[in-house]
Amino acid sequence: MGIFGGSGEVSGYNVEEVNALRDVINGVAQKAGEGICEKLGGGVVVPMSTVWYAPEAITFFEGFKDAVKKSGETVTAAFDAFRDAVQKAGENWAENTGGEKPSLAAIDPVELDLDISSIQEKGPKGVTIDEGEASKVANNLANVENEIEAALKSITAGLSADTAFLGHGQAEAVEQCFNDVAAAIKDIFKYLTDGEGSLQGQINAAVKKYGEVASGISSAFSSSTKA
């Protein structure tokens, strides 16, 4: 306890340090974008490129690339919302103390530019899909989601706010909020596994279609030889 009966805790904010958090948040956002594309490329595109060869495979993954790119806007918004919350916290301190208000520029766009160049329209055996291996990729998509979340948590864990917001657990609360952004971003990629229209559902549908077409043609030949 302090000599005047206080707790002895230092409370307040440092406007320069608050402003500096903008570049930290922006840097993490850009690394997050790189990490997301790395996980989607390594967990989806590359393994599918060795088991599905078809013109429609290219069309399929062009659509997936567009969906991922669109998700970049949502990822950007998530990080920018956190940036805005940090600024508002600093403004709150300024209003209560007469201090300088912080100014944190908006987060740069997170570009999710997924490389799908490994997908080919024709493979060693022609236009084919390896049904078993494609199903394995589809069944692994939940793990890809978890890998995205783990990568984001690892990146966001680097933020420290103890020199920007001082006292009464402010820094810890800010840091925890930043970590929560990772969990929220994971939900953006629920289209990997949720519902029939999910990436998982579409891959499984392609596997089913190729099997049905092959069976249908086999049956047609069998029928013609019996006629």
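Our subject in this report is the structure included herewith. These numbers come from a predicted model, not from an experiment.

What counts, and where the lines are drawn
- The numbering scheme is per chain: residues are counted from 1 as the chain's sequence reads.
- Local features in this predicted model are restricted to residues of pLDDT 70 or higher, and side-chain atom pairs are both shown and tallied only at a pLDDT of 80 or more, whereas totals for entire chains, interfaces and linings draw on every residue.
- Computation of side-chain values: all heavy atoms of the structure, hydrogens and water removed.
- The patch calculation keeps residues exceeding 30% relative accessible area without a salt bridge and links them within 9 Å when they carry like charges or within 5 Å when they are nonpolar (Val, Leu, Ile, Met, Phe, Trp, Tyr).
- Exposure was quantified through the Shrake-Rupley algorithm and a 1.4 Å probe, taking into account, for residues, occlusion by the shown protein chains and nothing else.
- The term salt bridge refers to a side-chain nitrogen of Lys or Arg lying within 4 Å of a carboxyl oxygen of Asp or Glu.
- Only runs of H or I of at least four residues qualify as helices and only runs of E of at least two qualify as strands under DSSP, and these elements are numbered from the N terminus.
- By this rule, a helix spans an expected 1.5 Å times one less than how many residues it contains.
- To obtain the bend at a residue, axes are fitted to the seven residues ending there and to the seven starting there, and the angle between these axes is taken.
- Nine residue types can take part in a nonpolar core, namely buried Ala, Val, Leu, Ile, Met, Phe, Trp, Tyr and Cys, and a core is a set of them joined through side-chain atoms within 4.5 Å.
- Burial classes follow relative accessibility: with a 1.4 Å probe on protein chains only, a residue under 20% of its type's maximum area counts as buried, one over 50% as exposed, and anything between as partly exposed.
- By definition, residues are in contact when any of their heavy atoms lie within 4.5 Å.
- In the analysis that follows, any N or O atom pair within 3.5 Å is treated as a polar contact, provided that within protein one partner can donate a hydrogen and the other can accept it, and provided that, for residues neighboring in sequence, both atoms belong to side chains.
- The convention used is that axes are lines fitted to C-alpha atoms, helices contributing only their stretch in contact, and that angles between N-to-C directions extend from 0 to 180 degrees.
- Put simply, angles under 35 degrees are roughly parallel, angles over 145 are roughly antiparallel, angles from 65 to 115 are roughly perpendicular, and the rest are oblique.
- For any pair of crossing helices, the crossing counts as left-handed if the nearer helix is rotated counterclockwise from the farther one by less than a right angle, and right-handed if it is rotated clockwise.
- Put simply, Ala, Val, Leu, Ile, Met, Phe, Trp, Tyr, Cys and Pro go in the nonpolar bin, Asp, Glu, Lys and Arg in the charged bin, and everything else, Gly too, in the polar bin.

1. Considering a nonpolar patch on the surface
Phase 1: A surface patch of nonpolar side chains, about 310 Å² in accessible area, is lined by V213, I217 and F221.
Phase 2: With respect to the helices and strands, I217 occurs in helix α6 (residues 199-226).

2. Considering helix α1 (residues 15-49)
Phase 1: The end-to-end C-alpha distance of α1 is 50 Å, a good match for the 51 Å that 35 residues give at a rise of 1.5 Å each.
Phase 2: Along α1, the largest kink reaches about 40 degrees and is centred on G41.

3. Some details on the nonpolar core
Phase 1: The biggest cluster of nonpolar side chains holds 60 residues, and the ones touching the most others in it are L40, W52, F61, F79 and F189.
Phase 2: With 13 residues, α1 is the single largest residue contributor to this core.
Phase 3: Beyond its immediate stretch of four places on either side in the chain, L40 contacts V45, F64, V68, L114, V144, I148, F189 and L192.

4. A closer look at the side chain of T193
Phase 1: Checked against the element boundaries, T193 lands in the loop between α5 (170-188) and α6.
Phase 2: Given a relative accessible area of 17%, T193 falls into the buried group.
Phase 3: Polar side-chain contacts of T193 include one of 2.6 Å to the side chain of E145.
Phase 4: With residues near it in sequence (within four places) discarded, T193 still touches L141, A142, E145, S198 and Q200.

5. A word on unusual backbone geometry
Phase 1: For H168, which is not glycine, the phi torsion reads 55 degrees and is therefore positive.
Phase 2: Within the element layout of this structure, H168 appears in the loop between β4 (165-166) and α5.
Phase 3: Under the relative-accessibility criterion, H168 is labelled exposed at 61%.

6. Concerning α5
Phase 1: Its 19 residues place the ends of α5 28 Å apart at the C-alpha level, agreeing with the 27 Å of an ideal helix rising 1.5 Å per residue.
Phase 2: Turning to α5, its buried residues are Q170, A171, V174, F178, V181, A182, I185, K186 and I188.
Phase 3: Lining the buried residues of α5 we find β1 (12-13), α1, α2 (55-97), α4 (141-156) and β4.

7. A word on the packing of α1 against α4
Phase 1: Packing of α1 against α4 brings their axes to within 9 Å, and their N-to-C directions diverge by 155 degrees. In this view, α1 runs roughly antiparallel relative to α4, as classed from their interaxial angle. For the crossing formed where α1 meets α4, the hand is right-handed. Contacts between α1 and α4 involve V28, K31, A32, I36, K39, L40, G43 and V44 from the first element and L141, V144, E147, I148, A151, L152, I155 and T156 from the second.
Phase 2: When grouped by side-chain class, the residues that make up the contact of α1 with α4 number 11 nonpolar, two polar and three charged.

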